[in-house]
Amino acid sequence: TTLDDVKKKGFVQCGVSTGLAGFSNPDDKGDWTGLDVDYCRAVASAVFGDPKAVKFSPLSAKERFTALQSGEIDVLSRNTTWTMSRDTQMGIVFAGVTYYDGQGFMVPKSLGVTSAKDLDGASVCVQQGTTTELNLTDYFKASGMTFNPVVFEKLDEVNAAYDSGRCDVYTTDSSGLYAIRLTMSNPDNHMVLPEIISKEPLGPSVRQGDEQWFAIAKWVYYALLNAEEMGITQANVEEMKSSENPNVKRLLGVDGNFGESIGLDADWAVKVIKGVGNYGEIFERNVGKNTPLGIARGLNALWTEGGLQYAPPIR
Amino acid sequence: MSSVASETPSGMTISNEVAIELIGVNKWYGEFHVLRDIDLTVYRGERIVICGPSGSGKSTMIRSINRLEEHQKGKIVVDGIELTNDLKKIEEVRREVGMVFQHFNLFPHLTILENCTLAPIWVRKMPKKQAEEIAMTYLERVRIPEQANKYPGQLSGGQQQRVAIARSLCMNPKIMLFDEPTSALDPEMVKEVLDTMIGLAEEGMTMLCVTHEMGFARQVANRVIFMDRGQIVEQNEPNAFFSNPQHERTQLFLSQILH
Amino acid sequence: MSSVASETPSGMTISNEVAIELIGVNKWYGEFHVLRDIDLTVYRGERIVICGPSGSGKSTMIRSINRLEEHQKGKIVVDGIELTNDLKKIEEVRREVGMVFQHFNLFPHLTILENCTLAPIWVRKMPKKQAEEIAMTYLERVRIPEQANKYPGQLSGGQQQRVAIARSLCMNPKIMLFDEPTSALDPEMVKEVLDTMIGLAEEGMTMLCVTHEMGFARQVANRVIFMDRGQIVEQNEPNAFFSNPQHERTQLFLSQILH
Amino acid sequence: MANSAISYVSTAEIPPSPPPGNAIGPLAWVRQNLFATPANSATTIIVGLLVAWYLPPILNFLFFHAVWEGEGRDACVVEGAGACWAFVSAKFGQFIYGRYPDPERWRVNLVFILFAAGLIPIAIPKVPYKGLNAVYMLAVFPVLAFFLLTGGYFGLEPVETALWGGLLVTLVVAVTGIAASLPLGILLALGRQSKLPVIKTASVIFIEFWRGVPLITVLFMSSVMLPLFLPPGTNFDKLLRALVGVALFSSAYMAEVIRGGLQAIPKGQYEGAAAMALGYWQSMYLVILPQALKIVIPGIVNSFIALFKDTSLVLIIGIFDLLGIVQLNFTDPNWSSPVTPATGYIFAAFVFWIFCFSMSRYSMFVEQRLDTGHKR
Amino acid sequence: MAVQDDAGQTRSRGAALPAFVYDPVIRGYIFQALMAILIVWGAYDIISNTIANLQRANIASGFGFLENRAGFEVSQSLIDYSSDSSYGDAYLVGLLNTLLIAVLGIFFATIVGFVMGIARLSPNWLLRKVATVYVEIFRNVPVLLQLLFWYKAVLALLPSPKQGIEFSWLGANLSNRGLIVPRFVPEEGFSVVTIAFVIAIVATFLVARWAKARQMATGQPFHTFWVGLAIIIGLPLLAFLVMGLPMSIETPVLKGFNFQGGIALKPEFLALLLGLTIYTSTYIAEIVRAGIRAVSWGQSEAAFALGLRPGLTTRLVIIPQAMRVIIPPLTSQYLNLTKNSSLAVAIGYPDLVSVFSGTVLNQTGQAVEVIIITMATYLVFSLATATFMNWFNSRMRLVER
Ligand SMILES: Nc1ncnc2c1ncn2[C@@H]1O[C@H](COP(=O)(O)OP(=O)(O)OP(=O)(O)O)[C@@H](O)[C@H]1O
Ligand SMILES: Nc1ncnc2c1ncn2[C@@H]1O[C@H](COP(=O)(O)OP(=O)(O)OP(=O)(O)O)[C@@H](O)[C@H]1O
Ligand SMILES: [Mg+2]
Ligand SMILES: [Mg+2]
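What you see is a predicted model; the values in this text were computed from it and never measured.

A. Quick peek at the overall build of chain E. Along its length, chain E carries 12 helices and 8 strands. Taken over C-alpha atoms, the radius of gyration comes to 29 Å for chain E, far larger than the 21 Å a tight globule of 401 residues would show. With the C-alpha coordinates aligned to their principal axes, the bounding extent of chain E is approximately 95 × 70 × 40 Å. In chain E, which comprises 401 residues, the proportion classed as buried is 49%. Carbon and sulfur atoms make up 70% of the accessible area of chain E, which amounts to about 19,200 Å² in all. In chain E, the 27 positive side-chain charges and the 20 negative ones have mean positions that sit 14 Å from each other.

And the structure:
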């Protein structure tokens, strides 16, 4: 099984993007950071108790699915939209939605456009082979407008083309827009338009056919959410072990051994939280208000706070 | 040097009109002095054989007669026309002088007939039909009319060389130059080419021929010239040349060649 | 055909041991019948010259003796070994038979010495030193020991051909085959090669030689074979062959070649 | 009966004299090469004007208006600025080593030195011990280089290939491709010459397949499809996969080059070898291949050059070779300026050019020098 | 050929091996059988692995996806294409774009290459050196780098459409959106001009034939080239004037962000064309040079000795022979150019690889099928080229004995 293989080689092989600030991006020292990266570290923590027991494969949009299908990577955590065809026809399954996103548009302020409705006839920069490319087409078609696609295989190339003025509009998931805006030669000259034209549930995926590994992928994510819901943080996880709350006890493996059923230790969730913190911490660390991206929780707030992030209980 | 009409053994006549005159001709390849003060007068109807060791300048000399090589000092007069840089004069001389090369240099992409008619059509501005008729007469003369529509690659070496001779004759030249015409041929084919050349000589064509075929020299030449190191070292009427060479280099050369 | 030990003009002896035997050998190139029922017995010590018009199958015949060509019918026995598809036997025969080609076929990437030692080292598994000593003796015998460390490209044609002979001799063959060994040479160089071959003949080597050098044939051959259209048309002792050819094709051929 | 009238014997040898003055010297050269005919003179003038028109702006951009020093983009974002060489010097380390960790870069340097130490003597014809040298280059050096670069043994820090980049990767891909394609190419060429139909057909299909498709699809295939061909769980390095693709691709081209050499060997050489009782492999190894390979040295070097240029395609599958890493740095906001891309590309072009041009000159040199065989 | 076919001859001396081991025929069969087994086994292994991998991962397979709706747009298409078209249509769009760039690239590269190749043999030192520098520079730099250079370092620096460089005399505009040129819209009567053009070509052809026949008959040469040129330009022009200028020009106008109307040559297209043309032309230049030099000097000498002038010698003797040498390698350069056009993927030109192995592969995830189709397409190109070359070689081979 995948878990055995992973244990044997001693690390989790995780597919990430070739560089998208806030989600998966190598820092100056070459260490990977970001929300997608932290999810992989969480999985590694669950298996090995060590958030560093993970290796990253930067993948282009084209390579990502075959890399997972062929077993080259164990988890794909690469701002990938959960769609039905991907979930059913490509031999992969999605483990959850780590980020609720939607596609938007960015334009140079000098263009004088304030709404996506004014974009008729525009040249649009978009990354090749993404759901973004399809949504874009659908949106313009539905609005009775025309556009001229300028597509590249790699994100850098799309960025460079937009920055040099090759196109009028940049479109991708709005989280991405914020990240990309930062890399423009002058970020203040660009604005994100208010329209969101699609649902983009981004989440990690694993290969079909290995229920145990699928369960680990799912429940690591749920553990992160439950931890936030219960107020368990990286800092207080040890004290919380002595909490009286039965929900906390079950999550932290003090009461019952839920880890066993997915092939992990009883304290698997403790390891996860110790390794990377809870979902809220991950979010704030990578993309939240105090990062250059400055993204509000919005849809990604817990259900208890009006958002969509909701985890099944552990019992 | 001779300046009177004379009678050769085989009964061919030589007029005392001058056909070619080389006066103090010198030529250098870069620093290398190939032709050194060559003086030579050829009379109309003369048949001259040139021999000498490899690298002695034989080819260079006969090639400068139709300006395939440019000489740098001295004077070459062919058929009354002095060879200078003037393209028109060069062309005129080349029309009067035919040349046959060691490696035939037939045009491989043209048939035998086309090889023969190319120059008459484009240089002499002859109608094709007439050119072809003339070509056929000459091909008959070299005894290969039946090959007219083949390509050079399909012919044996001896046949190719005969075509090359016919091709030159089609331009109706007054003088023929031969540069080792038989040395690239198999022994059995040498004879057919030499026979063709003998035929030409008998008709009184002025000929200069670089060759080591001493039998040929004996039979048709009225003069044999021996060259060495860019000079004419010795010349004589063939019988005397072979039986009684004067210069020691000539003697050495003949002893090697007639083993 | 002669089958008794005889004495040749130059006093070389021939045993009545059979060296090579061809019995009813036939060969086709596609549809073309090159060798037609060739019967030939060569005795140890014989020196046979083969002549005939181009394309008559001379080369093909002597090349099939060391299986450079495969015959399709009949039997070839060399030194007691019959040539079949068996690679081992072919190799054995080739070790006993030396061959010298028209175009020398020296290996241009090896020095003269390396050319000569290659086969002894790799085929006879001789130590390098010994092979070199042997090579040097043979190079002395062909009178070019001083060229041992040059490359073939640096030698004249005559020297190259002598190296080719030495190279064959290094394998200590019992029989030598020559395929027009002098026809690619400049006239000045023919003599040195023929002299080398005469030397070999005087030592009693069994030799088959395709050549048109009739002087050589007269001097050393004890039998001259004339081939035409894939058949042996006539064979005889040289003096008789040249002075009194029987077959009309032989007569025609000799008249052409001795022009 | 000497005919005294035409008989002539020279009495003294005419010594060679130097050629007349107007045939040599610089003036004669100018006349012959630039103003020989009116048409020739006209060409000289027109081409001369074109050169005078276009050369100065190019030189200005490259040298006279170029920015040689600076700490960031500000130095290069000035009106009329030429090439931003400051960018190249700031990023030079990355261009050579990629993201290979700083403290470990001595290992890369050592590999470069070891490589040069093997290559230089093998390239100079006069240096002896070519055999030992070849053994070093084909057996010792690759092993040393592998351990040095990847690490993980002998206390060397392991360095993932994902961190390799720049000229290092360019050279690794090119050298491996070359080293692997040569023996493979020889086998394929011999296979294609073979009289055995199965071997011949297999070789032909293999060669024609790889020669028929663009390298980029081969790289896509190796990066996307290769994992699917293998049993589950076997997966290997991305760089290694690219190397496999490049090696197979170039071996097909190499095979055709070598086949050309085999065909150029005169039949007489095969016969000469056979007449001396050498067997098939012996004649190939001792007689035919040494000559065939020598004849095709220019062809081989040309395919090396092609391969070296083709290494740049690996950037399309996300491996950062020299060109890839140069491009990657254009996005550095600290250095982005209108002239940055041009500067980066010109730098990369210059590096590629140096390698390719010197290889082609080298092949011309070898061609002339080793030409002992077929010329007097 | 007397090349030995005794493959694998070993010399284990003395060992009493059965006789058939030394028979090259039997030996050949054994060797081949082993090889065949190896190949079949390898192929079986790969195929079974792939099938197992695909099944295990539950990946859809088969070529049915070609019928599905594509759902994305392509920026340049020679046929009608919209997001409602199928993946199969997308394949066609990519294929046609590849062919378009290949045909144009071949056209320009041939012209530039011949000019440069002949210039490299010029007696003029300066011209020769300039051509040499051109060839040596552009030949020794990867074509991908050149494409990127033109695209990102040159064309990307152009101003936006609003500030684009106007070529008012052409009605064209050059900006970072590419070169926008007016489109000629034929009106009623334009067909007459087209017909005139066709007639002119036929007429030129006839004149050439007549001229040749006349020369063959009377020996008089004729200036066919100039007369032909005059006819081909003059006749359509005349028709155009007579019909009252039956053509309107659709000039591009700036509307919103972009130009509307006219023909837009996108920067991706321009960069690709420029890069491929320059790169390939250096190779063609070398081929042309080698081809001309392959005709031995003896051929020229023989022609000179017959009194032919240098110009005629070139035309009648050198070029016909050089072309035989030039055409085969030239065809393979054409094929190379076509294959190199796949680098379009790096600069976003929608060629076959970019549209099909890029977008379609990503949208469907059917990597195996998509890559197979792409490779097969290129293989067809190369087989077609090879067929042509074989045909050409057999037709043009110098006839020999
Ligand atoms: N183009 C050239 N450049 C330099 N040297 C040349 C050139 N052509 C010939 N030579 C040299 O000039 C000398 C005379 O050459 P030439 O061909 O006239 O000799 P030859 O007497 O015809 O010799 P052969 O019998 O070998 O044909 C030779 O030493 C030759 O090497
Ligand atoms: N490989 C081959 N395929 C087909 N025909 C061949 C082949 N080799 C030789 N021939 C033909 O076989 C005939 C005999 O050839 P061979 O070389 O034995 O003649 P030869 O007597 O040696 O002639 P030469 O004096 O020209 O060397 C010739 O007609 C030749 O064209
Ligand atoms: Mg000569
Ligand atoms: Mg023969």
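Next comes the rest of the account.
B. Quick peek at the overall build of chain D. A count of helical and extended segments in chain D gives 15 helices and 1 strand. For 376 residues, the compact-globule formula gives about 21 Å, and the C-alpha radius of gyration of chain D, at 28 Å, lies well above that figure. With the C-alpha coordinates aligned to their principal axes, the bounding extent of chain D is approximately 100 × 70 × 40 Å. The 376 residues of chain D split such that 49% are buried. Expressed as a percentage of contacts within chain D between residues at least 6 apart in sequence, the contacts between residues at least 24 apart total 66%. Carbon and sulfur atoms provide 71% of the accessible area of chain D, an area that totals close to 17,300 Å². Within chain D, the 18 negative side-chain charges are centred at a point lying 13 Å from the centre of the 22 positive side-chain charges.

C. The sheet that holds strand β5 (residues 81–82) of chain C, seen in detail. All names here are of chain C. Strand order in the open sheet formed by 4 strands is β2-β1-β4-β5, and the pairing between neighbours is antiparallel. Among the strands making up the open sheet, the edge pair consists of β2 (32–43) and β5. With 5 bridges joining them, strand β1 (residues 18–29) and strand β4 (residues 73–78) adopt antiparallel strand pairing. By the bridge assignment, L22 is partnered in β4 with I76. The sheet contacts of helix α1 (residues 58–65) involve β1, β2 and β4, and relative to β2 the element is tilted by about 55°.

D. Quick look at the UniProt feature "domain: ABC transmembrane type-1" (unreviewed entry) in chain E. Mapped onto the present numbering, the UniProt feature "domain: ABC transmembrane type-1" (unreviewed entry) falls at residues 95–385 of chain E. For residues 95–385 of chain E, the end-to-end C-alpha separation is 17 Å, with 70% helix and 10% strand making up the annotated structure.

E. The arrangement of the site of ligand 2 in detail. Residue and element names in this part refer to chain C. As a structural note, the neighbourhood of ligand 2 is formed by Y29, F32, V34, P53, S54, G55, S56, G57, K58, S59, T60 and E180. S54 places a side-chain nitrogen or oxygen 2.6 Å from an oxygen atom of ligand 2. Within the backbone of G55, a nitrogen or oxygen atom sits 2.8 Å from an oxygen atom of ligand 2. Computed on the free molecule, ligand 2 has an accessible area of 640 Å², of which 61% lies beneath the protein chains in the complex. At the level of secondary structure, the elements contributing two or more residues to the shell around ligand 2 comprise β2 and α1. It is α1 that contributes the most residues to the shell around ligand 2, 3 residues altogether.

F. Geometry of the interface of chain C and chain D. Listed per partner, the contact involves 28 residues of chain C and 23 residues of chain D. Here chain C meets chain D over a buried area of about 2,000 Å², counting both sides, of which 63% is carbon and sulfur. Connecting chain C to chain D are 1 salt bridge. In this structure, E271 of chain D and R63 of chain C form a salt bridge, with 2.4 Å as the shortest nitrogen-oxygen distance. Seen at the junction of chain C and chain D, the total is 5 residue pairs in polar contact (both at pLDDT 80 or more). For the side of chain C that touches chain D, the secondary-structure elements that each account for two or more residues are α2 (87–96), β6 (97–100), α3 (112–122) and α5 (157–169) of chain C. Among the elements that take part in the side of chain C that touches chain D, α3 of chain C stands out by supplying 4 residues, more than any other. Along the lines of polarity and charge, the residues of the side of chain C that touches chain D split into 14 nonpolar, 8 polar and 6 charged.

G. Representation of the packing of aromatic side chains. Under the defined criterion, the tally for this structure stands at 54 aromatic pairs over all chains. Each ring, one from W82 of chain A and one from F94 of chain A, has its centre 5.6 Å from the other, and the planes form 15°; the classification is stacked. Placement of the pair is W82 of chain A in the loop between β5 (75–76) and α4 (84–89) and F94 of chain A in strand β6 (residues 92–94), with a sequence separation of 12 residues. On the basis of an interplanar angle of 40° and a centroid distance of 5.4 Å, the ring pair of F115 of chain D and F141 of chain D is categorised as tilted.

H. Quick look at the interface of chain D and chain E. Listed as interface residues are 66 residues of chain D and, on the opposing side, 60 residues of chain E. Counting each side, the surface lost to burial between chain D and chain E is near 5,300 Å², with a carbon and sulfur contribution of 72%. Looking at the side of chain D facing chain E, the largest losses of area belong to L228, K309 and Y345 of chain D, adding up to 11% of the total buried there. Along the contact surface separating chain D from chain E lie 1 salt bridge. Where chain D touches chain E, the interface holds 13 residue pairs in polar contact (both at pLDDT 80 or more). Across the side of chain D that touches chain E, the residue classes break down as 47 nonpolar, 12 polar and 7 charged.

I. Fine view of the state of the cysteines. One pass over the structure, following the stated rule, counts 3 disulfides over all chains. Covalent S-S linkage joins C14 of chain A and C40 of chain A, the inter-sulfur distance amounting to 1.8 Å. You can see C14 of chain A sitting in strand β1 (residues 12–17) and its partner C40 of chain A sitting in helix α2 (residues 35–48), a full 26 residues away along the chain. In this model C76 of chain D forms its disulfide with C84 of chain D; the gap between the sulfur atoms is 1.8 Å. Here the disulfide of C76 of chain D and C84 of chain D is right-handed, its torsion about the S-S bond being about 65°.

J. Main features of the packing of helix α3 (residues 112–122) of chain B against helix α4 (residues 128–141) of chain B. Residue and element names in this part refer to chain B. Look at α3 against α4: their axes get within 9 Å of each other, and the N-to-C directions meet at 125°. Relative to α4, α3 is oriented oblique. For the crossing formed where α3 meets α4, the hand is right-handed. Residue-level inspection shows I112, L113, C116, T117, P120 and I121 of α3 in contact with α4, the latter providing K128, A131, E132, A135, M136 and L139.

K. Spatial organisation of the site of ligand 1. All names here are of chain B. Around ligand 1 sit Y29, F32, V34, P53, S54, G55, S56, G57, K58, S59, T60 and E180, and those are all the residues in its vicinity. Within the backbone of G57, one N or O atom sits 3.0 Å away from an oxygen atom of ligand 1. Across the complex, the protein chains shield 57% of the 640 Å² of accessible surface that ligand 1 would expose by itself. Among the secondary structure elements, those contributing two or more residues to the shell around ligand 1 are β2 (32–43) and α1 (58–65).

L. Broad picture of the domain arrangement of chain D. As far as domains go, chain D holds domain 1 (26–64) and domain 2 (85–369). One C-alpha centre belongs to domain 1 of chain D, the other to domain 2 of chain D, and the line joining them spans 39 Å.

M. Focus on unusual backbone geometry. Residues and elements named next belong to chain C. The phi torsion at D79 lies on the positive side, around 55°, for a residue other than glycine. Position of D79 relative to the elements: it lies in the loop between β4 and β5. With a phi close to 45°, E180 is a non-glycine residue in the positive phi region. Among the secondary structure elements, E180 is positioned in the loop between β7 (175–179) and α6 (187–202).

N. Just the pairing of strand β3 (residues 178–181) of chain E, in detail. Residues and elements named next belong to chain E. Both strand β2 (residues 172–175) and β3 contribute to a ladder of 3 bridges, which runs antiparallel. Of the residues in β3, the one forming a bridge with N173 is I180. Connecting β2 to the next strand, β3, in antiparallel fashion are 2 residues. Inspection of the sheet shows β3 paired to strand β8 (residues 263–265) by 3 bridges, in the antiparallel sense. From the neighbouring strand, V181 faces β8, where its bridge partner is I263.

O. Main features of the side chain of K58 of chain C. Residues and elements named next belong to chain C. Structurally, K58 is set in helix α1. Buried charge without a salt bridge: K58, with E180 as the nearest opposite-charge side chain at an N-O distance of 4.6 Å. Within the local environment of K58, its side chain forms a polar contact with the backbone oxygen of G52, the two atoms lying 3.0 Å apart. A polar contact is formed between the side chain of K58 and the backbone oxygen of P53, at a distance of 2.9 Å. Residues in contact with K58, not counting those within four places in the same chain, are I50, C51, G52, P53, E180, V210, H212 and M227.

P. Expanded view of the sheet that holds strand β12 (residues 190–192) of chain A. Residues and elements named next belong to chain A. Across the sheet, 5 strands lie side by side as β10-β9-β11-β8-β12; this open sheet has mixed pairing. Edge positions in the sheet fall to β10 (147–152) and β12, since each of these pairs with one other strand and no more. Neighbour-to-neighbour, the strand axes of the sheet open up by a mean angle of 30°, direction not taken into account. The pairing of strand β9 (residues 122–127) with strand β11 (residues 169–173) spans 2 bridges and is parallel. Each bridged residue has a counterpart across the sheet, and for C125 the counterpart in β11 is Y170.

How each quantity is defined
- Residues numbered from 1 in each chain as written.
- Chains lettered and ligands numbered in written order.
- Predicted model: local features only at pLDDT ≥ 70, side-chain atom pairs only at ≥ 80, totals over all residues.
- Heavy atoms only, no water.
- Helix = DSSP H or I, 4+ residues; strand = E, 2+ residues; numbered from the N terminus.
- Rg over C-alpha atoms; globule rule 2.2 N^0.38 Å.
- Buried < 20%, exposed > 50% of the residue type's maximum accessible area, 1.4 Å probe, protein only.
- Areas by Shrake-Rupley, 256 points an atom, 1.4 Å probe, with all protein chains shown as cover.
- Lys, Arg positive; Asp, Glu negative; His and termini not counted.
- Charge placed at Lys NZ, Arg CZ, Asp CG, Glu CD.
- Contact = heavy atoms within 4.5 Å.
- Pairing = 2+ DSSP bridges.
- Axes fitted to C-alpha atoms, helices over the stretch in contact; angles between N-to-C directions.
- UniProt positions renumbered as here; feature names shortened; annotations may be inferred.
- Near = heavy atom within 4 Å.
- Polar contact = N/O pair within 3.5 Å; in protein donor to acceptor, adjacent residues only side chain to side chain.
- Buried area = accessible area lost by both parts, 1.4 Å probe.
- Salt bridge = Lys/Arg side-chain N within 4 Å of Asp/Glu carboxyl O.
- Nonpolar A, V, L, I, M, F, W, Y, C, P; charged D, E, K, R; others polar.
- Phe/Tyr/Trp six-rings, centres within 6.5 Å; stacked < 30°, edge-to-face > 60°.
- Disulfide = S-S within 2.5 Å.
- Parallel < 35°, antiparallel > 145°, perpendicular 65-115°, else oblique.
- Left-handed = near helix turned anticlockwise from the far one by under 90°.
- Domains from an automatic or database assignment.

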